[in-house]
Amino acid sequence: MIGATHVKAGPPGLASALVAGGALGLDWLPAFEAVPRELFVPDRIWPGVADGTRQNGPVDRSQDPGAWRRAVYSDIPLTTRWDDGDHQGDGLGTTPTSSNSTPSMVFSMLQDLDVRPGDRVLEIGAGTGWNAGLLAHRLGDANVVTVEFDPDAARTARANLDRAGLAPTVVEGDGRHGWPKGAPYDRIIATCPLLEIPSAWSAQTAPGGVIVAPFGTAYGGEQIVRLTVSEDGTSASGRFTRSSAFLRLRQQRTGRPPFEDCLRGRERPADGVRTTTTLAPPDTGGWFEQFVIGTAVPGVFWRAERYDDGAYTLWLHSRDTLSWASADYARGRTAYEVHQAGPRNLWDEVEAAWRRWDDRGRPGPARFGLTVTPDAHTVWLDSPEDPEAVRVLGG
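Everything quoted here is computed from the prediction, not taken from an experiment.

Participant: Explain the overall build of the protein chain to me, please; I cannot follow it from the model alone.
Facilitator: Across its full length, the protein chain holds 10 helices and 19 strands. Counting the 395 residues in the protein chain, one finds 53% classified as buried. Counting only contacts in the protein chain whose residues sit at least 6 apart along the sequence, the fraction spanning at least 24 positions is 60%. Accessible surface computed for the protein chain: about 17000 Å², of which carbon and sulfur atoms make up 50%.

Written out as structure tokens, the structure is:
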């Protein structure tokens, strides 16, 4: 299954696990073997876990080559850079900003891309260069362009590709604009989560071409979407395929205001309306549940304040800092105290979104889709004509 990590260290063991789990198809196996992951991983890395929920301490190849190799040939993400290069030392930085992605996710997305001989592919987010290398091996250097915003990361990717004997075009630039010089492309793939799919990508994709990208909301819960571009290049539409956990495109990182700005020195409950709910806060916290809520509740962020006994407070706040809410959870309860203040009743919005999803049978990612136009991003269930489709552009 995707995310399996207990495999024999080395390419054969990882390949066997990926093939058995369905992520690595026989069509991509030659590229996997010819473009080894280790050529795209620096000597010092921070191994993560398959779902991207936490990071482990650093592993240095010069100090423990065995641990380094086990990490490289495990189905886990490897952070290679923190805080846009500002972080120093062995500890964890604040935000991972470059990584070598989980192999099962890499090859699952390449399957979604469904490349054919002769296809031209634009990749957004070169990272360490491994994904571009796999594409270049299969399609040829001349048919692959990868765009990277960070100049240092672009240089590293270019050096890694050269070491692997590959030479796709590596462009330093803002991936939101694509790379019109190489258009039209048959396929575009993004390896960074997006709050918006740039209209430039549809315009640079051939009619009927495909865009594969992680798409999420400010609230959380990114999902991989596979879009087909319209004949006139002005829109794209398609279904979600699976959950994802990537490093967000730098220009679309959610600028969350400090939570204290939302409270403005006020204390609950005196400045908030007190109610109760039977919806347990943990029921809203799953990765896909966050995505569903985020599509219907724009411009809202959350955080959890946890206590020693397992209880916690779920805090919600709006981007404009005018509204906040809290929901208190403790084990064994069937009703939970809620406080809300400001022009928006944020907990009411979150609960309404969750209950709509629950009332419709808790559908999974494969039943949801996305339509992108220059004016809006519309998430729908089962059909683009869904009367309850939700517009989430800017959310």
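Participant: Hey, could you run me through the sheet that holds strand E16 (residues 336–341) in this one?
Facilitator: Pairing between the strands of a sheet is mediated by backbone hydrogen bonds and can be parallel or antiparallel. Pairing is antiparallel across the open sheet formed by 5 strands, whose spatial order is E12-E16-E15-E14-E13. Of all strands in the sheet, those with a lone pairing partner are strand E12 (273–277) and strand E13 (300–306), marking the two edges. Put simply, the sheet's adjacent strands are angled 20° from each other on average, direction ignored. Bridging between E12 and E16 involves 5 bridges; their strand directions are antiparallel. If you follow Thr276 over to E16, its bridge partner there is Glu337. Here helix H10 (residues 346–359) sits on the sheet in contact with E12, E13, strand E14 (312–318), strand E15 (324–329) and E16, set at roughly 100° to E14.

Participant: Would you mind going over the environment of Asp114 with me for this structure?
Facilitator: Residue position: Asp114 is located in the loop between helix H4 (103–113) and strand E5 (121–124). Here Asp114 falls in the partly exposed class, since its relative accessible area comes to 30%. When the C-alpha atoms of Asp114 and Arg187 are compared, they prove to be 8.6 Å apart, with 73 residues separating the residues in sequence. Those residues within four positions of Asp114 in sequence are excluded, and the remaining contacts are Asp119, Arg187 and Arg226.

Participant: What is the right way to look at the packing of aromatic side chains in this model?
Facilitator: Here the distance between the centres and the angle between the planes together describe a pair of aromatic rings. Per the counting criterion, the structure on display carries 11 aromatic pairs. Consider the rings of Phe240 and Phe291, whose centres lie 5.1 Å apart with planes at 70°: the pair is edge-to-face. Separated by 51 residues along the polypeptide, Phe240 in strand E11 (residues 236–243) and Phe291 in helix H9 (residues 287–296) bring together distant segments of the chain. The class for Phe240 is buried, based on a relative accessible area of 2%. Judged by relative accessible area, Phe291 falls into the buried class, the value being 1%. Against the face of Tyr312 rests Arg306, its NZ or CZ located 4.8 Å from the ring centre.

Participant: Hey, could you run me through the packing of H4 against helix H5 (residues 130–139) in this one?
Facilitator: The relative placement of two packed helices comes down to the angle between their axes together with the axis-to-axis distance. Here H4 crosses H5 at 45°, and the two axes come no closer than 11 Å. Of the possible angle classes, the one that applies to H4 and H5 is oblique. The way H4 lies across H5 gives a crossing that is right-handed. Contact residues: H4 offers Pro103, Val106, Phe107, Leu110 and Leu113, while H5 offers Trp130, Asn131, Leu134 and Leu135. For the contact of H4 with H5, the residue count by class is 8 nonpolar, 1 polar and no charged.

Participant: Can you help me understand the side chain of Gln204 in this one?
Facilitator: Looking at the element boundaries, Gln204 is found in the loop between helix H7 (199–203) and strand E9 (205–215). Excluding residues within four positions of it along the chain, Gln204 makes contact with Leu122, His177, Gly178, Trp179, Pro180, Ala183, Pro184 and Tyr185.

Participant: Looking at this structure, I do not really get the nonpolar core. What am I missing?
Facilitator: Nonpolar side chains in soluble globular proteins tend to end up buried together. Grouped together as the largest cluster of nonpolar side chains are 49 residues, with contacts concentrated most on Ile197, Phe215, Leu316, Trp347 and Leu370. Tallying contributions element by element places H10 first for this core, with 6 residues. Residues Ala67, Phe107, Val170 and Ile189 belong to the second largest nonpolar core, which totals 42 residues.

Rules used in this analysis
Residues numbered from 1 in each chain as written. Predicted model: local features only at pLDDT ≥ 70, side-chain atom pairs only at ≥ 80, totals over all residues. Heavy atoms only, no water. Helix = DSSP H or I, 4+ residues; strand = E, 2+ residues; numbered from the N terminus. Buried < 20%, exposed > 50% of the residue type's maximum accessible area, 1.4 Å probe, protein only. Contact = heavy atoms within 4.5 Å. Areas by Shrake-Rupley, 256 points an atom, 1.4 Å probe, with all protein chains shown as cover. Pairing = 2+ DSSP bridges. Axes fitted to C-alpha atoms, helices over the stretch in contact; angles between N-to-C directions. Phe/Tyr/Trp six-rings, centres within 6.5 Å; stacked < 30°, edge-to-face > 60°. Lys NZ or Arg CZ within 6 Å of the ring centre and 35° of its normal. Parallel < 35°, antiparallel > 145°, perpendicular 65-115°, else oblique. Left-handed = near helix turned anticlockwise from the far one by under 90°. Nonpolar A, V, L, I, M, F, W, Y, C, P; charged D, E, K, R; others polar. Core = buried A, V, L, I, M, F, W, Y, C linked by side-chain atoms within 4.5 Å.

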